[in-house]
Amino acid sequence: MQIHVYDHAQQVGQAAATLLAAQLISKPNSVLGLATGSTPIPTYQALISLYKAGVVDFSSASSFNLDEYVGLPAGHPCSYHSFMREQLFDHVNMPADHIHIPDGNAADPQTECARYDQAITAAGGIDMQVLGIGRNGHIGFNEPADDFTYGTHVVTLAADTIEANARFFKSADEVPRQAVSMGIGNIMAAKCVVLVATGENKAKAVYDTIRGPITPRVPASVLQLHPCCVILTDREAGKLMLEE
Ligand code: PGA
């Protein structure tokens, strides 16, 4: 693992965007794995600036998002389809048919999971995967569990995740209880992983990820085994690492 601690969240975003830009410049038809949540927003803003400055071009690139809620219409303002359009896709030139996000409204979720895994394989696998991290150490919606789950699957969200994500909805009651998420195997199969974490409420999850035992109870801890994993944090999220 390579760990970099920056003073501010904006710098974390800038650093992550620089890695993504380098990936796109070295391989224009890169397959990017993308994440939602508050943390990657500065990354996408910096990436949009690089696109507008002519530094990066998404015309040959493609993307696979980590997850989507089950049961929210794709056009719902809190869906991850909407999030990605607003935060990135409406502002860059990635062709619409190169963008992949799990369908949380598929009639048969299991078939959708298998289809998503096949689409990732058919695209040649993910070159660079962006990750946030939950307060409970989740990556994607891989919640603390007894086992690591390999492929894309339907998950029941942890109570902590519902509480954390309630800020995007009118109330916690409106947060969907299930999601379709890439599995730990999908994430580990990415050639390179870039995890961004900002804010003090991520400090313990970051510490446990880097220094703790590798356990499905802290799903991100599996990244200790990834051959190319970069962790970018601000001072607050890196606090327990810095105190050592
Ligand atoms: P956040 O979410 O960036 O909104 O904190 C991260 C996550 O839950 O993976």
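S.K.: In this structure, what is going on with the overall build of the chain? I would like to understand it.
M.R.: Helix and strand counts for the chain stand at eight helices and 10 strands. For 244 residues, the compact-globule estimate of 2.2 N^0.38 gives 18 Å, and the chain sits close to it at 17 Å. By principal-axis analysis of the C-alpha atoms, the chain measures approximately 45 × 40 × 35 Å. Within the chain, counting contacts between residues at least 6 apart in sequence, those at least 24 apart form 80% of the total. Only carbon and sulfur atoms are counted for the fraction: they give 53% of the accessible area of the chain, which is about 10400 Å². Distance between charge centroids for the chain: 3 Å, based on 15 positive and 25 negative side chains.

S.K.: Just to check I follow, could you spell out the pattern of salt bridges for this structure?
M.R.: Summed over the entire model, instances satisfying the criterion amount to 10 salt bridges. Aspartate 146 is paired through a salt bridge with arginine 217; the nearest N and O atoms lie 2.5 Å apart. One end of the pair, aspartate 146, is in the loop between strand E6 (128–131) and strand E7 (153–156); the other, arginine 217, is in the loop between helix H7 (203–211) and strand E10 (229–234), with 71 residues separating them in the sequence. When its relative accessible area of 45% is taken as the criterion, arginine 217 is described as partly exposed. In this structure, aspartate 208 and lysine 204 form a salt bridge, with 2.6 Å as the shortest nitrogen-oxygen distance. Of this pair, aspartate 208 and lysine 204 both sit in helix H7, four residues apart, which is roughly one turn of that helix. Taking the relative accessible area as the measure of exposure, lysine 204 reaches 53% and is therefore exposed. Salt bridges sharing partners connect three or more residues here, namely Lys27, Asp127 and Lys191.

S.K.: Can you help me understand the site of the ligand in this one?
M.R.: The full set of residues close to the ligand is Gly37, Ser38, Thr39, Gly132, Ile133, Gly134, His138, Arg167 and Lys202. With respect to the ligand, the side chain of lysine 202 contributes an N or O atom lying 2.6 Å from an oxygen atom. Coverage of the ligand by the protein chains reaches 85% of its 280 Å² of free accessible surface. For the ligand, the cavity whose grid points lie within 2 Å of the majority of its atoms is the largest pocket.

S.K.: Looking at this model, I keep getting lost on the sheet that holds strand E4 (residues 67–69). Mind explaining?
M.R.: Think of a sheet as strands paired side by side through backbone hydrogen bonds, with each pair either parallel or antiparallel. Across the sheet, which stays open at both edges, the three strands sit in the order E4-E8-E7 with antiparallel pairing between neighbours. A single partner strand is all that each edge strand has here, and the edge strands are E4 and E7. Ignoring which end each strand starts from, the neighbouring axes of this sheet average 25° apart. The pairing of E7 with strand E8 (residues 178–181) spans four bridges and is antiparallel. Counterpart to threonine 156 in the pairing with E8 is glutamine 178.

S.K.: Would you mind going over the environment of valine 56 with me for this structure?
M.R.: Within the secondary structure, valine 56 sits in the loop between helix H2 (41–52) and strand E3 (62–65). Linking valine 56 and isoleucine 25, residues 31 residues apart in sequence, is a C-alpha distance of 6.6 Å. Residues in contact with valine 56, not counting those within four places in the same chain, are Ala21, Leu24, Leu47, Leu50 and Tyr51.

S.K.: Looking at this model, I keep getting lost on a nonpolar patch on the surface. Mind explaining?
M.R.: A cluster of nonpolar residues, Met1, Ile3, Val5 and Leu242, forms a patch on the protein surface that exposes about 290 Å² of accessible area. As for its placement among the helices and strands, methionine 1 is situated in the segment before strand E1 (2–6).

S.K.: Honestly, the nonpolar core in this entry has me stumped. Any pointers?
M.R.: Buried together is how nonpolar side chains tend to be arranged in soluble globular proteins. By size, the foremost hydrophobic cluster in this structure holds 71 residues, and its most contacted members are Leu88 and Leu223. It is helix H1 (residues 9–26) that provides the largest number of residues to this core, a total of seven residues.

S.K.: Could you clarify how one ought to interpret the sheet that holds E1 in this entry?
M.R.: A sheet is described by the order of its strands in space; here seven strands give the open sequence E1-E10-E9-E6-E2-E3-E5, paired in parallel fashion. The outermost strands of the open sheet, each flanked by one partner alone, are E1 and strand E5 (99–100). Inspection of the sheet shows strand E2 (residues 31–34) paired to E3 by four bridges, in the parallel sense. The residue of E3 that forms the bridge with valine 31 is serine 62.

The rules behind each value
- Residues numbered from 1 in each chain as written.
- Predicted model: local features only at pLDDT ≥ 70, side-chain atom pairs only at ≥ 80, totals over all residues.
- Heavy atoms only, no water.
- Helix = DSSP H or I, 4+ residues; strand = E, 2+ residues; numbered from the N terminus.
- Rg over C-alpha atoms; globule rule 2.2 N^0.38 Å.
- Contact = heavy atoms within 4.5 Å.
- Areas by Shrake-Rupley, 256 points an atom, 1.4 Å probe, with all protein chains shown as cover.
- Lys, Arg positive; Asp, Glu negative; His and termini not counted.
- Charge placed at Lys NZ, Arg CZ, Asp CG, Glu CD.
- Salt bridge = Lys/Arg side-chain N within 4 Å of Asp/Glu carboxyl O.
- Buried < 20%, exposed > 50% of the residue type's maximum accessible area, 1.4 Å probe, protein only.
- Near = heavy atom within 4 Å.
- Polar contact = N/O pair within 3.5 Å; in protein donor to acceptor, adjacent residues only side chain to side chain.
- 1 Å grid on protein atoms, 1.4 Å probe; cavity = no way out; pocket = protein on both sides within 12 Å on 5 of 7 lines; lining within 4 Å.
- Sits in = over half its atoms within 2 Å of the grid points.
- Pairing = 2+ DSSP bridges.
- Axes fitted to C-alpha atoms, helices over the stretch in contact; angles between N-to-C directions.
- Patch = residues over 30% accessible without salt bridge, like charges linked within 9 Å, V, L, I, M, F, W, Y side chains within 5 Å.
- Core = buried A, V, L, I, M, F, W, Y, C linked by side-chain atoms within 4.5 Å.

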